[in-house]
Amino acid sequence: MRYLKQFEFELTNHCNAMCVFCPRSGLTKKGFMSFATFKAGVGVAKENDVRNFKISGFGEPTLHKELVMFLQYLKQEIPGASILLITNGQLLTPELFERLSAVPVDRINISFNGYDRNSYESQMKRLDFEQVVANLGYIAASGKQLPEMQIIPILSQAFTQDDIRKMRHFMESLGFTERNLKFQFTITSRLDKIEDKDLIGREVSKKREIICLAGLSTF
């Protein structure tokens, strides 16, 4: 079996949301990754010939004030590097989207649960539904060659297949098409957990070798 090397950077474990399915309450120490730590991580990635990078973790990466500079450095040091950014979209303003597109970021995953204000804000507390929708609307209408976009709902007992269909129709109404809109379902044991028996018979078709640098010990 062929494995994909992937390097994951957690630039911060601060977050502007309080999603009901996220176990962030267990975090006791928070901070932002320094450029020195990031630079060292890029060096390790180069030594191991890693070209796939995920910007993710317990925190919201767009809270990091040097996010764009960090990613520009990564692309400069590792030409052809592929970058996946995972964000809740609250701070993915038109200005930031333009800057990330120029890096360029290759794929953006939007954590988005809902299809109207009530369904969204009941799951993703402290976030502003209208602001996130405005950001996504700009991206869809920008006319640019979009990064690959994925909308990621978290599966829980509170979310049904009908909710997923409504969300798809809602995203299509914003201007996203099948070319740049993909749904990725994440199974979680957080809060309203999926019982183990529900997973029996499912197969994992792809595995990854992940090299992870969180940098939390440097805060």
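Computed from a predicted model, the values in this text were never measured in an experiment.

### Description of helix H3 (residues 94-102)
Point 1. Listed in full, the buried residues belonging to H3 are Leu96, Phe97 and Leu100. Along the axis of H3, the buried positions cluster into a sector of 100°, meaning they face one direction only. Residues Glu95 and Ala102 are exposed on H3 and point more than 90 degrees away from its buried face.
Point 2. Buried residues along H3 sit against helix H2 (67-77), strand E4 (82-87), strand E5 (107-111) and helix H5 (129-141).

### Notes on the packing of aromatic side chains
Point 1. A full pass over the atoms with the stated rule returns 13 aromatic pairs.
Point 2. Ring centres 5.6 Å apart and planes at 45° place the aromatic pair Phe35 and Phe70 in the tilted group. Of this pair, Phe35 sits in helix H1 (residues 35-47) while Phe70 sits in helix H2, placing them 35 residues apart in sequence.
Point 3. Using a relative accessible area of 30% as the deciding quantity, one classes Phe35 as partly exposed.
Point 4. Between Tyr120 and Phe129 the ring centres are 5.6 Å apart and the planes differ by 55°, which places this aromatic pair in the tilted class. Each of the two residues, Tyr120 as well as Phe129, counts as buried.
Point 5. Taken together, the ring pairs in this structure connect Phe7, Phe9, Phe35, Phe38, Phe53, Phe70 and Tyr73 into an aromatic cluster.

So, how was this worked out
- Residues numbered from 1 in each chain as written.
- Predicted model: local features only at pLDDT ≥ 70, side-chain atom pairs only at ≥ 80, totals over all residues.
- Heavy atoms only, no water.
- Buried < 20%, exposed > 50% of the residue type's maximum accessible area, 1.4 Å probe, protein only.
- Helix = DSSP H or I, 4+ residues; strand = E, 2+ residues; numbered from the N terminus.
- Arc of directions from axis to C-beta.
- Contact = heavy atoms within 4.5 Å.
- Phe/Tyr/Trp six-rings, centres within 6.5 Å; stacked < 30°, edge-to-face > 60°.

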